[in-house]
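Chain residues, written in single-letter form:
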Amino acid sequence: MLTTSTLSSRRVLLLGSGGREHALARALAASPSCGALFVAPGNPGIAAVARCVSLSALEPEAVLRFCREAAIDLVVVGPEAPLVAGLADLLNGAGVTALGPSAAAAQIEASKAHTRALCARLGIAMAPGASFDRPAAARAYAEHLGLPVVLKVDGLAAGKGVTVAHDWPHFDAALGDAMVALRFGEAGRRVVVESFVSGDELSLFALCNGTQSVVLGTARDYKHRDAGRRGPLTGGMGAVSPHPRETPALVAALKALFVDPLLAALAAEGRPYRGVLYAGLMLTAEGPRLLEYNVRFGDPECQCLVARWRGDLAAALAAAASGEPLATPTLVGHAVTVVLADPAYPDPPRDALRLDSVDTLSTHPHAALLHAGTRRDPEGGLFSRGGRVLNAVAWGERPAAARALAYETVAATGLTGLYHRRDVGADEGA
Ligand code: GLY
């Protein structure tokens, strides 16, 4: 019988177009079990390691059609929105193995109110909070909690739906934006209000096959745009892995507190979780608290995890997607990712910037310059398309070596029009 462990020419489709997907594409292409790699839609950097296909992950029937035409054995879904929309249900139901949870299991990212209720039942520690359908009730509860207070839109908001308010005008503006102006559409019709918890933020990643999970690693994400936790919150301006506070005992404790009970509950409820589980945690003086669950790899944390990964990534992801036993992953050394962003980020870009030096840059063997928000014009020129544009990723046996190499890679681009934080990996907090 042909099993995932014996298949040596697996045909893989990866969905997504960011730096996370560029990192995954490189590791999948290098996997001994991967015979052919397609990425939809991909980006100009991914095009160097895989065949890019013009296909939207939000058109599930078109994805299924492509999988049948191209005889795809494994689909890896990068972002959350297609999973919440039921892409994994459709593909797995049609006999195409897809890594990522069902729409029912993806509710843990799609609805923060749902997750709060689930965690309350399971005794998973979160900050004190509650969900609301009416702005006046949300405001009254926020006053009860006191400042600073956190407002989250219930649904998916592309990483932009969380506000930490230190004064009432800021809270009221965010609440009005979300619930009255519907800045995030239907996602903001319900909100969650939570106490602000301070501490050291840690991203924990686990690979799950429905009943078993293995920890992929930890990371620290640099969410603020500017050094010293200043400026607006972003999708992440950089990351280091492992998290500086990682120890085997901490990882085991966090898995027991935040992964195992969730996995068991989802299986018992008939929505077993297969895919990458990302628990956003705060290590507080009172113990770890869950900030959020995500149903995918983090971006840019994934870039660091992949740099530390040793082994056949395609085989590991296929085992999880097929519900086969999972081997303990091998991650070695330290990795640092520095994001080079459009200067207006997290706002929309004002201009497209030329990125001519990127095509000719040759990086150190332990470093890579990944594409995130780039595009090629019809003449072959490389341009930015806003947001997070490039990622300098570096690996080292020690954190300082990885950090130095990441910043050397940034400098080697010679690009002065892009913005980056200078303190990734340098400080005690993100
Ligand atoms: N880096 C945060 C996220 O991927 O949601």
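Quick caveat, the model's predicted, so the values are computed rather than measured. (Residues numbered from 1 in each chain as written. Predicted model: local features only at pLDDT ≥ 70, side-chain atom pairs only at ≥ 80, totals over all residues. Heavy atoms only, no water.)

Quick word on the overall build of the protein
Part 1: Helices and strands together make up the secondary structure of the protein, namely 13 helices and 23 strands.
Part 2: With respect to the three principal axes, the spread of C-alpha positions in the protein is 60 × 50 × 40 Å.
Part 3: Per-residue burial for the protein yields a buried fraction of 55% across its 430 residues.
Part 4: Contacts spanning at least 24 positions in sequence make up 68% of the contacts within the protein whose residues lie at least 6 apart.
Part 5: Accessible surface computed for the protein: about 17300 Å², of which carbon and sulfur atoms make up 54%.
Part 6: The protein carries 40 positive and 41 negative side-chain charges, and their two centres are separated by 1 Å. (Helix = DSSP H or I, 4+ residues; strand = E, 2+ residues; numbered from the N terminus. Buried < 20%, exposed > 50% of the residue type's maximum accessible area, 1.4 Å probe, protein only. Contact = heavy atoms within 4.5 Å. Areas by Shrake-Rupley, 256 points an atom, 1.4 Å probe, with all protein chains shown as cover. Lys, Arg positive; Asp, Glu negative; His and termini not counted. Charge placed at Lys NZ, Arg CZ, Asp CG, Glu CD.)

Some remarks on the pairing of strand β9 (residues 191-195)
Part 1: β9 sits mainly inside the fold: five of its five residues count as buried.
Part 2: Side chains Val 191, Val 193 and Ser 195 of β9 all project onto a buried face; the interleaved residues Val 192 and Glu 194 project onto the opposite face, where all are buried too.
Part 3: Bridge count for strand β6 (residues 129-132) against β9 is four bridges, and the pairing is antiparallel. Bridging from a neighbouring strand, Gly 129 pairs with Glu 194 of β9.
Part 4: Of the pairings in the sheet, the one linking strand β7 (residues 149-153) to β9 comprises five bridges and is antiparallel in character. Residue pairing across strands places Val 150 opposite Glu 194, the latter belonging to β9. (Pairing = 2+ DSSP bridges.)

Regarding the side chain of Thr 284
Part 1: For Thr 284, the position within the fold is in strand β15 (residues 273-284).
Part 2: Judged by its relative accessible area of 13%, Thr 284 is buried.
Part 3: A distance of 3.0 Å separates a polar atom in the side chain of Thr 284 from the backbone nitrogen of Glu 286.
Part 4: In this view, Thr 284 contacts Val 197, Ser 198 and Arg 289; residues no more than four positions away in its chain are not counted. (Polar contact = N/O pair within 3.5 Å; in protein donor to acceptor, adjacent residues only side chain to side chain.)

Let's talk about the side chain of Asn 209
Part 1: In this structure, Asn 209 sits in strand β10 (residues 200-210).
Part 2: Apart from the residues within four sequence positions on either side, Asn 209 is in contact with Tyr 273, Arg 274, Ala 319, Ala 320, Gly 323, Glu 324, Pro 325 and Leu 326.

Structural notes on the nonpolar core
Part 1: Counting 50 residues, the largest nonpolar core has Leu 13, Val 75 and Tyr 293 as the members making the most contacts within it.
Part 2: Looking at this core element by element, the count peaks at seven residues for helix α9 (residues 248-268).
Part 3: Aside from chain neighbours lying at most four places away, what touches Leu 13 is Phe 38, Val 39, Ala 40, Val 63, Phe 66, Cys 67, Ile 72, Leu 74, Val 75 and Val 76.
Part 4: Among the nonpolar cores identified, the runner-up in size contains 39 residues, and Ala 25, Tyr 278, Ala 319 and Val 393 belong to it. (Core = buried A, V, L, I, M, F, W, Y, C linked by side-chain atoms within 4.5 Å.)

Overview of the packing of aromatic side chains
Part 1: Counted by the stated rule, this structure contains five aromatic pairs.
Part 2: With 5.6 Å between their ring centres and 80° between their planes, Trp 168 and Phe 171 make a pair best called edge-to-face. Of this pair, Trp 168 and Phe 171 both sit in helix α8 (residues 168-180), three residues apart, roughly one helical turn.
Part 3: Note on Trp 168: relative accessible area 22%, which makes it partly exposed.
Part 4: Residue Phe 171 is classed as buried on the basis of its relative accessible area, which comes to 1%.
Part 5: Relative to Tyr 278, the ring of Phe 205 has its centre 4.7 Å away and its plane inclined at 45°; by these criteria the two rings are tilted. (Phe/Tyr/Trp six-rings, centres within 6.5 Å; stacked < 30°, edge-to-face > 60°.)

Some words on the sheet that holds β9
Part 1: With antiparallel pairing, four strands are arranged side by side in an open sheet as β6-β9-β7-β8. Every interior strand has two partners, whereas the edge strands, β6 and β8 (162-165), have only one. Neighbouring strand axes in the sheet, compared pairwise and without regard to direction, differ in orientation by 20° on average.
Part 2: Note: β7 against β8, four bridges, orientation antiparallel. Across the sheet, the residue bridging to Lys 152 is Val 162, located in β8.
Part 3: With respect to the sheet, helix α7 (residues 135-145) is in contact with β6, β7 and β9, its orientation differing from that of β9 by roughly 5°. (Axes fitted to C-alpha atoms, helices over the stretch in contact; angles between N-to-C directions.)

A closer look at the site of the ligand
Part 1: Around the ligand, the structure places Asp 221, Gly 235, Tyr 278, Arg 296, Gly 298, Asp 299, Pro 300 and Glu 301.
Part 2: The backbone of Gly 235 places a nitrogen or oxygen atom 2.9 Å from a nitrogen atom of the ligand.
Part 3: Within the backbone of Asp 299, an N or O atom sits 2.9 Å from a nitrogen atom of the ligand.
Part 4: Protein chains bury 88% of the 200 Å² of accessible surface belonging to the ligand in isolation.
Part 5: Looking at side-chain class alone, the shell around the ligand contains two nonpolar, two polar and four charged residues. (Near = heavy atom within 4 Å. Nonpolar A, V, L, I, M, F, W, Y, C, P; charged D, E, K, R; others polar.)

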